[in-house]
Amino acid sequence: MEAASTSTTLRALRSVGSGARALTRYLEGVLGADKYRIYLEHQARTHPGEAPMGEREFWRDYTDWQEKNPQGRCC
């Protein structure tokens, strides 16, 4: 009986962990925190031989781009 209880508990924990990961990815998307990861994926797919920008350089370039190209945003 104890093994069935442990199995059920493990399934529940996996489900909670999966939900937490999904929620984290959703919030990263809403907040824009996933932009660097998306950039890295794009860079690897379209420019496989080139080294990507570092994260700090990416964010500096992105904020410079935003300043030059203002769009409707809250801040």
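Please read all numbers here as calculations on a predicted model, not as lab measurements. (Residues numbered from 1 in each chain as written. Predicted model: local features only at pLDDT ≥ 70, side-chain atom pairs only at ≥ 80, totals over all residues. Heavy atoms only, no water.)

### Focus on a negative patch on the surface
Next, step 1: A contiguous patch of negative charge, built from Glu57, Asp61, Asp64 and Glu67, is present on the exposed surface.
Next, step 2: Tracing the chain through its elements places Asp64 in helix α3 (residues 55-68). (Patch = residues over 30% accessible without salt bridge, like charges linked within 9 Å, V, L, I, M, F, W, Y side chains within 5 Å. Areas by Shrake-Rupley, 256 points an atom, 1.4 Å probe, with all protein chains shown as cover. Salt bridge = Lys/Arg side-chain N within 4 Å of Asp/Glu carboxyl O. Lys, Arg positive; Asp, Glu negative; His and termini not counted. Charge placed at Lys NZ, Arg CZ, Asp CG, Glu CD. Helix = DSSP H or I, 4+ residues; strand = E, 2+ residues; numbered from the N terminus.)

### Quick notes on the pattern of salt bridges
Pairs may arise between side chains of opposite charge once their charged atoms sit close together.
Next, step 1: Across all of its chains, the model carries two salt bridges by this definition.
Next, step 2: Between Asp34 and Arg37 there is a salt bridge, and its shortest N-O distance comes to 3.7 Å.
Next, step 3: Asp34 sits in the buried class, given a relative accessible area of 12%.
Next, step 4: Across the pair Glu41 and Arg37 runs a salt bridge whose closest N-O atoms are separated by 3.0 Å. A residue pair is termed a helical-turn pair when its members lie 3 or 4 positions apart in one helix, as Glu41 and Arg37 do in helix α2 (residues 35-46) at four residues.
Next, step 5: Take Glu41: its relative accessible area is 40%, and that puts it in the partly exposed class.
Next, step 6: By relative accessible area, which is 27% here, Arg37 ends up partly exposed.
Next, step 7: Among the charged side chains, a salt-bridge network with shared partners connects Asp34, Arg37 and Glu41. (Buried < 20%, exposed > 50% of the residue type's maximum accessible area, 1.4 Å probe, protein only.)

The analysis is restricted to geometry; functional conclusions fall outside its scope.
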